[in-house]
Amino acid sequence: MENSLSLWSKQISSVQLPSWKELPDIELYLDQVLTLLDKYLSPFVSENGSHIITASMINNYVKLHILPAPVKKRYSRVQLAYLIVIGLLKQILPIPDVIVLLESQFGDNPDETKFAQAYDRFCALQEKAFRDMAAQAAELENEANRCAALALETAALANASKTLTEFLLHTSVEAESDTPEPPSVL
């Protein structure tokens, strides 16, 4: 148990999501996008080896307008960044909440500079959360009897975090819908 926990701690603390500048700035075909997503999201693949994002999921995200449509069957850096964020967030939030969160952070049609900043901010927050969890796990290396307790503690923390996230998302949506429309300039 100690060796596997130590190994997990080292792996998760070294996870580095690709920054905006590290994403390819050339347009990619779907199979290339899937290959990159597998590479970027491999630390988060479940033990059954299934993919976090599949071609059919991408097609559905485009149909549901969660993801901008490809141009001539090619995907841009923006779409790849969206898919990385979606791949991570859908592990803990239902897709309707992922949509609300994406819209709140990235807007409907964001300026690329603002989008890049928001994407890099998300990656930094996610990496910090992984390092924090790895540090907590590393403290247990010599306390195998505490592993079950930490598992329960982190599950409760995850549940509380998810509940707060959903509350914040729904509160912000309600606040926006209650805001009166600005008067027409016509």
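Keep in mind that this is a model prediction, so the values were computed, not measured.

Rules used in this analysis
Residues numbered from 1 in each chain as written. Predicted model: local features only at pLDDT ≥ 70, side-chain atom pairs only at ≥ 80, totals over all residues. Heavy atoms only, no water. Patch = residues over 30% accessible without salt bridge, like charges linked within 9 Å, V, L, I, M, F, W, Y side chains within 5 Å. Areas by Shrake-Rupley, 256 points an atom, 1.4 Å probe, with all protein chains shown as cover. Salt bridge = Lys/Arg side-chain N within 4 Å of Asp/Glu carboxyl O. Helix = DSSP H or I, 4+ residues; strand = E, 2+ residues; numbered from the N terminus. Buried < 20%, exposed > 50% of the residue type's maximum accessible area, 1.4 Å probe, protein only. Phe/Tyr/Trp six-rings, centres within 6.5 Å; stacked < 30°, edge-to-face > 60°. Core = buried A, V, L, I, M, F, W, Y, C linked by side-chain atoms within 4.5 Å. Contact = heavy atoms within 4.5 Å.

Trainee: Hey, could you run me through a nonpolar patch on the surface in this one?
Mentor: On the surface, Leu164, Phe167 and Leu168 cluster together into a nonpolar patch covering about 320 Å² of accessible area. Here Leu164 lies in helix 7 (residues 147–178). Among the residues examined, Leu164 registers a relative accessible area of 48% and is labelled partly exposed.

Trainee: Would you explain the packing of aromatic side chains in this entry?
Mentor: What characterises a pair of aromatic rings is the spacing of the ring centres plus the angle enclosed by the ring planes. Using the criterion set out here, one finds three aromatic pairs in the structure. Ring geometry for Trp20 against Tyr119: centres 6.3 Å apart, planes inclined by 65 degrees, an arrangement best described as edge-to-face. Within this pair, whereas Trp20 is found in the loop between helix 1 (2–13) and strand 1 (28–29), its partner Tyr119 is found in helix 6 (residues 112–138), the two being separated by 99 residues in sequence. Between Tyr82 and Phe115, the ring centres sit 5.1 Å apart and the planes meet at 40 degrees, which makes this aromatic pair tilted. With Tyr82 in helix 4 (residues 77–89) and Phe115 in helix 6, this pair connects stretches of sequence that are 33 residues apart. On the accessibility criterion, Tyr82 (5% relative accessible area) is buried. Site record: aromatic cluster; members linked through ring pairs are Trp20, Tyr82, Phe115 and Tyr119.

Trainee: Would you mind going over the nonpolar core with me for this structure?
Mentor: One recurring pattern in soluble globular proteins: nonpolar side chains tend to sit buried together. Counting 46 residues, the largest nonpolar core has Leu37, Phe44, Ile53, Ile58, Leu80, Ile84 and Tyr119 as the members making the most contacts within it. Ranked by residues supplied to this core, first place goes to helix 4 with ten residues. Residues contacting Phe44, with those up to four places away along its chain left out, are Ile12, Val15, Leu17, Ile52, Leu88 and Phe130. Counting residues in hydrophobic clusters, the runner-up holds five residues, among them Leu5, Leu140, Cys147 and Leu150.

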